[in-house]
Amino acid sequence: MNDPAYERLTETKPVSEVRFVQDYVQFVLGPHTLSVYPKLRVSIGKRVLSPADSGFYDCVCTLIGQNLVAATRIEKVQLEFLFSRGTKLLVSLRPEDEVGPESACCPKLPEPIS
């Protein structure tokens, strides 16, 4: 199901910056900064990479210049952010992966996802 809280990010500018901050990642899309906290994976084609995998950080950086085209929530499983070249960010919503009250947040959007 499309996630209305994050679907608004599809109307903004392409990713202009990726910031790796200790245990989370930030994506700058125009005036918005999307912060992602729990287990983050990136899917390119048939490959799914996690931070421990070689090439993960390079794949995340390839999102610079891409537009977010869809934000989908699979309840209690994951958030999926699909970008214009087919790359997906996968954010776990599983209780065992929680690291705090939020999985992802974008302060200028209506509310964080819990």
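What you see is a predicted model, and the numbers here were worked out from it, not measured in a lab. (Residues numbered from 1 in each chain as written. Predicted model: local features only at pLDDT ≥ 70, side-chain atom pairs only at ≥ 80, totals over all residues. Heavy atoms only, no water.)

**Remarks on the pattern of salt bridges**
What counts, and what does not: Here, a salt bridge means any Lys or Arg side-chain nitrogen found within 4 Å of an Asp or Glu carboxyl oxygen.
Inspection of every chain in the model, using the stated rule, returns 3 salt bridges. With a shortest N-O distance of 2.9 Å, Glu17 and Arg19 are connected by a salt bridge.

**Observations concerning the confidence of the model for the protein**
Defined as follows: As a per-residue measure, pLDDT tells how confident the predictor is, with possible values from 0 to 100. Whether two residues are in contact is decided by their heavy atoms, any of which lying within 4.5 Å being enough.
With 79% of its residues at a pLDDT of at least 70, the protein reaches an overall mean of 82. Confidence drops under pLDDT 50 across residues 109-114; counting only partners more than four residues distant or on other chains, this segment forms 25 contacts.

**Notes on the sheet that holds strand 8 (residues 88-92)**
What counts here: Here a strand pair is declared whenever DSSP counts at least two bridges between the two strands. In this text, helices come from DSSP runs of H or I with a minimum length of four residues, and strands from runs of E with a minimum of two, each type numbered from the N-terminal end. Note on geometry: axes are lines fitted to C-alpha atoms, helical ones only across the stretch in contact, with angles between N-to-C directions running from 0 to 180 degrees.
Taken in spatial order, the 5 strands of this open sheet run 5-4-8-7-6, and their pairing is antiparallel. Edge positions in the sheet fall to strand 5 (47-49) and strand 6 (68-74), since each of these pairs with one other strand and no more. Neighbour to neighbour, the strand axes of the sheet diverge by 20° on average, direction disregarded. Of the pairings in the sheet, the one linking strand 4 (residues 40-44) to strand 5 comprises 3 bridges and is antiparallel in character. Each bridged residue has a counterpart across the sheet, and for Ile44 the counterpart in strand 5 is Arg47.

**Section: the nonpolar core**
Cut-off, in case you're wondering: Nonpolar cores are built from buried Ala, Val, Leu, Ile, Met, Phe, Trp, Tyr and Cys residues. Side-chain atoms within 4.5 Å join them into one set. Only protein chains enter the accessibility calculation, which uses a 1.4 Å probe. A residue is then buried if its area is under 20% of the maximum for its type, exposed if over 50%, and partly exposed in between.
Phe27, Leu34, Leu40, Val42, Phe81, Phe83 and Leu89 are the most contacted members of the largest nonpolar core, which has 24 residues in total. Only strand 1 (15-21), strand 2 (24-29), strand 3 (32-36), strand 4, helix 2 (56-61), strand 6, strand 7 (78-83) and strand 8 provide two or more residues apiece to this core.

**Focus on the side chain of Gln66**
Turning to its location among the elements, Gln66 is positioned in the loop between helix 2 and strand 6. Judged by its relative accessible area of 2%, Gln66 falls in the buried class. Not counting chain neighbours up to four residues away, the residues in contact with Gln66 comprise Pro14, Val15, Phe83, Ser84, Arg85, Gly86 and Thr87.

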